[in-house]
Amino acid sequence: MTETELPFGTPASRAALATSLGVPLGPELLELALTHRSFAYENGGIPHNERLEFLGDSILGQAVTVMLYRENPHLDEGELAKRRASLVSSAALAEVARSIGLGAHIRLGRGEELTGGSDKSSILADTVEAVIGAVYIDCGEDEATAFVLRLIRPLLENPDRFGAAMDPKTSLQELAARLGRGLPSYLVKDSGPDHSKRFHATVLLGGHSIASGDGTSKKQAEMAAALEAWTMLQQPRINP
């Protein structure tokens with residue numbers, strides 16, 4: 001049996017994932033990084049990946065900021081900030097996760113599994129950040145920074161593939177116009193306490209809901225929803 005044939009969710013498959021990621025990440029920490037809170041709650045409240053996600057978000061932001069600053073001496077602060085926001089967005093990170101097949105390895109609760117959680121942009125993006133945090137803890141700052149840059153480079157080097165992830169709202173607007181579907185609009189709801197709000201955005205075309213997304217800010221949720229809608233409209237057989 002080859003690595004690509006290993007059953008997902010097994011220690012062997014997680015070892016294969018670590019190898020494919022190119023980091024000497026220990027199995028226990030990788031398993032924690034792949035454990036969504038829905039799985040943890042259904043299994044007696046075991047630890048989940050949100051603390052690692054918190055750490056990984058910081059490491060990601062620093063690595064991308066330093067890279068953009070060093071490699072783009074001609075750009076002003078505003079343009080640098082815009083590019084950083086695109087590169088660290090939930091929509092972009094979700095596409096990175098899909099490109100490395102990360103969703104198949106995430107440990108999800110039954111409810112999330114049944115609703116396609118392994119391909120939800122918010123879950124994929126959060127898991128990427130958790131893996132980054134795990135790499136930092138297990139392998140150190142230099143290894144974590146190098147890992148982040150390996151993940152992010154394709155966003156810069158392959159605009160045809162990742163263009164929608166970099167600016168999903170504009171990409172959706174342009175695609176909807178080409179298809180004669182009109183301008184998209186967004187309905188956003190928030191939940192949770194003020195210090196830990198979550199946002200849920202729904203994309204409307206012609207008054208009809210076609211996709212949704214989640215995030216820790218209104219902007220993140222709208223971008224995630226826009227990318228889901230853009231992906232759906234690329235598949236005529238299931239167009240709403």
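All values reported here derive from a predicted model rather than from experimental measurement.

Participant: Would you mind going over the overall build of the protein chain with me for this structure?
Facilitator: When helices and strands are tallied, the protein chain shows 12 helices and three strands. Overall size of the protein chain, expressed as C-alpha extent along the three principal axes, is 50 × 50 × 45 Å. In the protein chain, which comprises 240 residues, the proportion classed as buried is 43%. Surface accessibility of the protein chain: about 12,500 Å² in total, with carbon and sulfur atoms responsible for 52%. Both charge centroids of the protein chain, one from 23 positive and one from 31 negative side chains, sit 5 Å from each other.

Participant: Would you mind showing me how to read the pattern of salt bridges here?
Facilitator: Think of it this way: side chains of opposite charge can pair up when their charged atoms draw near. Taken as a whole, this structure holds 13 salt bridges when the rule is applied. Glutamate 222 is the partner of lysine 169 in a salt bridge, and the nearest nitrogen-oxygen pair spans 2.7 Å. Linking lysine 169 in helix α11 (residues 168-178) with glutamate 222 in helix α12 (residues 218-233), this pair joins segments that are 53 residues apart in sequence. Exposure remark for lysine 169: the relative accessible area of 30% places this residue in the partly exposed category. On the basis of relative accessibility, which here comes to 10%, the residue glutamate 222 falls in the buried class.

Participant: Even after reading the chapter, I still don't get the nonpolar core, so can you show me in this structure?
Facilitator: A general tendency of soluble globular proteins is for nonpolar side chains to be buried together. In this structure, Leu87, Ile132, Phe147 and Ile152 are the most contacted members of the largest nonpolar core, which totals 44 residues. Among the elements that make up this core, the one with the highest residue count is helix α8 (residues 121-139) (nine residues). Setting aside chain neighbours within four positions, we find leucine 87 in contact with Val64, Met67, Leu68, Ala92, Leu93, Ile152, Leu155, Leu156 and Met166. Membership of the second largest hydrophobic core comes to 14 residues, among which are Ala201, Leu205, Ala221 and Leu233.

Participant: Is there a simple way to think about the packing of aromatic side chains in this case?
Facilitator: For any pair of aromatic rings, geometry is given as the distance between the ring centres together with the angle between the planes. By the definition in use, this model includes zero aromatic pairs. Note that lysine 169 overlies the ring of tyrosine 186, its terminal NZ or CZ placed 4.7 Å from the centroid.

Participant: What exactly am I supposed to notice about the sheet that holds strand β1 (residues 185-191) here?
Facilitator: Strand pairing in a sheet relies on backbone hydrogen bonds. The paired strands run either parallel or antiparallel. Ordered in space as β1-β2-β3, the three strands form an open sheet in which the pairing is antiparallel. Every other strand in the sheet has two partners, leaving β1 and β3 (208-215) as the edge strands with one partner each. Shown here is a sheet whose adjacent strand axes are inclined to one another by a mean of 20°, direction ignored.

Participant: Explain the environment of proline 47 here, please?
Facilitator: Along the chain, proline 47 falls in the loop between α3 (37-42) and α4 (50-71). For proline 47, a relative accessible area of 59% puts it in the exposed group. The spatial distance from the C-alpha of proline 47 to the C-alpha of leucine 32 is 7.1 Å, given a sequence separation of 15 residues. Not counting the four nearest positions on each side in its chain, proline 47 is found in contact with Leu32, Thr35 and Ala40.

About the cut-offs
Residues numbered from 1 in each chain as written. Predicted model: local features only at pLDDT ≥ 70, side-chain atom pairs only at ≥ 80, totals over all residues. Heavy atoms only, no water. Helix = DSSP H or I, 4+ residues; strand = E, 2+ residues; numbered from the N terminus. Buried < 20%, exposed > 50% of the residue type's maximum accessible area, 1.4 Å probe, protein only. Areas by Shrake-Rupley, 256 points an atom, 1.4 Å probe, with all protein chains shown as cover. Lys, Arg positive; Asp, Glu negative; His and termini not counted. Charge placed at Lys NZ, Arg CZ, Asp CG, Glu CD. Salt bridge = Lys/Arg side-chain N within 4 Å of Asp/Glu carboxyl O. Core = buried A, V, L, I, M, F, W, Y, C linked by side-chain atoms within 4.5 Å. Contact = heavy atoms within 4.5 Å. Phe/Tyr/Trp six-rings, centres within 6.5 Å; stacked < 30°, edge-to-face > 60°. Lys NZ or Arg CZ within 6 Å of the ring centre and 35° of its normal. Pairing = 2+ DSSP bridges. Axes fitted to C-alpha atoms, helices over the stretch in contact; angles between N-to-C directions.

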